[in-house]
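# An overview of the molecular structure
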Amino acid sequence: MVTGAGGQLAKALAQTADKGVECLMFGRDECDMADDASIVQAVRSAAPAVIVNCAAYTAVDRAEGDIALAARINGESVTTLTRAAVDCGARLVQVSTDFVFDGASANLYRPDSATNPINVYGASKLVGERAALAYADALVLRTAWVHGAGGRNFVETMLRLMAEREALDVVSDQVGTPTHTLSLARAIWGLLEIGASGVWHFTDAGVCSWYDFAVAIHEEALALNILTRDVAIRPIRSEDYPQAARRPAFSVLDKADTWRELGWISNHWRSELRLMLKCRKEQEIG
């Protein structure tokens, strides 16, 4: 059972599932994460072996003024989902975020590093993590900067703005790691296969700032003729780009344990960005 069926990660999970796996996709109409009764009914109807919770309130800035709904969807609903999973004997995968950290560290964040979210979104996702972990076999997988072809993400936003404007200002003092949905889906299937539980980290390899990411999007999109003209991309400080929600200055996750247990290392984020853009172009042509 995969919640958040309309989202980019849910679609990637369905795309990468083995032939012997039946993915039952539940969108908001079938499983409304703001409605306990809807959640319980959905799980009972699916009677799944595994539940992967991809549903989330992901509008980070809007969450600052919509605290109750963000808390309901990202946090409180996971308690209901966890109890429903226990009742039907299903394993639960809760997808979480690097935003559970404050970004004050100069070191990679390990799964056991102290959490300290600095915005409403991160705080609500941390509540969801704790709810999931109340179920002994739950798997909490933290990731970051997720992008997939056709999804709502930074890559799609940059491509739209680059097509509309002559120049863009992009923050250069926030550092993390982009993650392709296909990479993340592959990791989820792999961790399920080995029976992983507890807290794990996964992103693509490498690090960059949002500015670096934007420059790479521009260069790769030009090479693929997704963009047809140069756009000036200027690095700026976070303080010069005011947003409702604070972001961690450094939120690079330590994936060493995940890579070791999976038996493979993530591709570099730039390679996965190139693949994502190729997939996007093929979808448009097709």
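Check the entry above for the structure.
Residues numbered from 1 in each chain as written. Predicted model: local features only at pLDDT ≥ 70, side-chain atom pairs only at ≥ 80, totals over all residues. Heavy atoms only, no water.

## Description of unusual backbone geometry
In this model, Ala47 sits at a positive phi of 45°, which is unusual for a non-glycine residue. Summarising the element assignment, Ala47 is placed in the loop between α2 (36-46) and β3 (50-53). Located in the positive-phi region is Asn225, a residue other than glycine, with phi close to 60°. Mapped onto the elements of the fold, Asn225 is located in the loop between α8 (210-223) and β12 (232-236). By relative accessible area, Asn225 is classed as exposed at 59%. (Helix = DSSP H or I, 4+ residues; strand = E, 2+ residues; numbered from the N terminus. Buried < 20%, exposed > 50% of the residue type's maximum accessible area, 1.4 Å probe, protein only.)

## A look at the packing of α2 against helix α4 (residues 67-88)
Remark: α2 packs on α4, axes separated minimally by 9 Å, with the N-to-C direction vectors making an angle of 35°. Seen along the crossing, α2 lies across α4 with a hand that is right-handed. Between α2, through Asp36, Ile39, Val40 and Val43, and α4, the contact on the second element is made entirely by Arg72, Ser77, Thr80, Leu81, Ala84, Ala85 and Cys88. (Axes fitted to C-alpha atoms, helices over the stretch in contact; angles between N-to-C directions. Left-handed = near helix turned anticlockwise from the far one by under 90°. Contact = heavy atoms within 4.5 Å.)

## Brief notes about the environment of Ala144
Topologically, Ala144 is positioned in the loop between β5 (139-143) and β6 (146-147). According to the relative accessible area criterion, Ala144 is buried, its value standing at 3%. When the C-alpha atoms of Ala144 and Thr203 are compared, they prove to be 6.3 Å apart, with 59 residues separating the residues in sequence. Leaving out residues up to four positions away in the same chain, Ala144 has contacts with Asp98, Thr177, Pro178, Thr179, Phe202 and Thr203.

## Here we look at the packing of aromatic side chains
Applying the stated rule across the entire model yields 9 aromatic pairs. The interplanar angle of 15° and the centroid separation of 6.4 Å between the aromatic rings of Trp145 and Phe213 together place this pair among those described as stacked. In this pair, Trp145 is assigned in the loop between β5 and β6 and Phe213 in helix α8, connecting sequence segments 68 residues apart. Within the aromatic cluster, the residues linked to one another by ring pairs are Trp145, Phe154, Trp210, Phe213 and Trp269. In this structure, Arg186 is placed above the aromatic ring of Trp264, and the distance from its NZ or CZ to the ring centre is 3.9 Å. (Phe/Tyr/Trp six-rings, centres within 6.5 Å; stacked < 30°, edge-to-face > 60°. Lys NZ or Arg CZ within 6 Å of the ring centre and 35° of its normal.)

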